[in-house]
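Examining the three-dimensional arrangement
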Amino acid sequence: MTHIYVIHENAAWLEPLARALDVEGWAWRDWFLDQGAFDLSQPPPSGVFYNRMSASSHTRDHRYAAELTAAVLAWLAGNGRRVVNGPRALDLETSKARQYASLEAAGIRTPRTILVAGKDQLPATARRYFDESPIILKPNRGGKGLGVRLFHTADALADYLAGQDYDPPIDGLHLLQQYVRAPKPVITRAEFVAGKFMYAVEVDTSDGFELCPADVCAVGDAFCPAEEKPRAKFTIIDEIDAGLKHRYENFLAQNDIEIAGIEFIADTAGNIYTYDVNTNTNYNPEAEARAGRAGMATLARFLGAELSNLVRNDNGRRRSGSS
């Protein structure tokens, strides 16, 4: 029997999709990729393979899960399997530097970003490129906003690097990035399924940069105390700028990405900067409940349609071969 295979390394993040696939009645299997042995001389099983490998897998003691997944995806693609979010998606998931290069090539503005190899290079680089302007330090390979910090001066950055709280990036590469000052502490995350815009989420960043919308990442209900009325951490909106949406959909098509959450921010002059492409996106259940939306159900239906197409095509080839 042909199945949907969900490639991942985080059982907690899989639960909402598992429920949606079960409700829709699709045949699927959990493919937890952390360790294992794979005979590359043999063909993989038939099916639809959905890659949900995360850039933050190393933070859950799955240090080489992304590297293993890259090899498995190459095996699947080499054997002509239907892969959703294949090798290119994983490549961009695990490198913000490559994300930014691809976004800029697609005509999408990103914040000024300096790639830095070597911890000792950071303070001088910050002074050279950003003078005394606020800067953001982030790891090249991150996830969930982990390791993202704002510094108002290069001296403050140097103090952090010399302290015990410093956490080196897993790939040894840092990014120093322009701080985009928004009129309000809000970013927007546009969600895409099948490469098409589904909805967007406004995210209140008052509490910092850990922006994972998944239920398991939430710590109670977070509200912005600066608002006259409490503001939910995640609020779904139905539309974004039409031109931006079009550029995002073209970018996803060019990079063979079908499922993604793309984050952007507007400065005080209204300029929009795109700073993250998350190909292992999650949806916030509270925000969806308020808006009457169901991202995982939409995703499950898309995967199911791909499975149905695969089975129908396979049956057609078998009938043609026997006639």
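That block above? That's the structure.
Residues numbered from 1 in each chain as written. Predicted model: local features only at pLDDT ≥ 70, side-chain atom pairs only at ≥ 80, totals over all residues. Heavy atoms only, no water.

Observations concerning the packing of helix α5 (residues 122–130) against helix α6 (residues 154–162)
Packing of α5 against α6 leaves a shortest axis separation of 9 Å and a crossing angle of 165°. When the interaxial angle is binned, α5 and α6 end up roughly antiparallel. As for how α5 packs across α6, the hand of that crossing is right-handed. For the pair formed by α5 and α6, the contact residues are Leu-122, Pro-123, Ala-126 and Arg-127 on the first element and Ala-154, Asp-155, Leu-157, Ala-158 and Leu-161 on the second. In terms of residue class, the contact of α5 with α6 is made up of seven nonpolar, no polar and two charged. (Axes fitted to C-alpha atoms, helices over the stretch in contact; angles between N-to-C directions. Helix = DSSP H or I, 4+ residues; strand = E, 2+ residues; numbered from the N terminus. Parallel < 35°, antiparallel > 145°, perpendicular 65-115°, else oblique. Left-handed = near helix turned anticlockwise from the far one by under 90°. Contact = heavy atoms within 4.5 Å. Nonpolar A, V, L, I, M, F, W, Y, C, P; charged D, E, K, R; others polar.)

So, helix α4 (residues 96–105)
Here α4 has its buried residues at Lys-96, Gln-99, Tyr-100, Ser-102 and Leu-103. Summarising the axial view, the buried residues of α4 lie within an arc of 165°, below the 170-degree limit, and thus occupy one face. The elements touched by buried residues of α4 are α3 (87–93), β5 (113–117), β6 (135–139), β8 (173–178), α7 (242–254) and β13 (272–278). Following α4 by one or two positions, Gly-107 adopts a phi angle in the positive range, close to 80°. (Buried < 20%, exposed > 50% of the residue type's maximum accessible area, 1.4 Å probe, protein only. Arc of directions from axis to C-beta.)

Regarding α6
All buried positions along α6 are accounted for by Ala-154, Leu-157, Tyr-160 and Leu-161. Seen along its axis, α6 keeps its buried residues to an arc of 115°; they face one direction. Along α6, exposed side chains directed more than 90 degrees from the buried face belong to Asp-159 and Ala-162. Buried-residue contacts for α6 involve α5, β6, β7 (149–151) and β8.

A short note on the pattern of salt bridges
Scanning all chains against the criterion turns up 14 salt bridges. Glu-67 serves as the salt-bridge partner of Arg-141, at 3.3 Å between the closest nitrogen and oxygen. You can see Arg-141 sitting in the loop between β6 and β7 and its partner Glu-67 sitting in helix α2 (residues 65–78), a full 74 residues away along the chain. In this structure Glu-67 comes out as partly exposed when scored by relative accessible area, which is 35%. Between Glu-258 and Arg-82 there is a salt bridge, with its nearest N and O atoms 2.7 Å apart. Placement of Glu-258 in the loop between α7 and β12 (260–266) and of Arg-82 in strand β4 (residues 82–84) is noted, with a sequence separation of 176 residues between them. Under the relative-accessibility criterion, Arg-82 is labelled partly exposed at 24%. Residues joined in a network through salt bridges with shared partners are Arg-63, Glu-67 and Arg-141. (Salt bridge = Lys/Arg side-chain N within 4 Å of Asp/Glu carboxyl O.)

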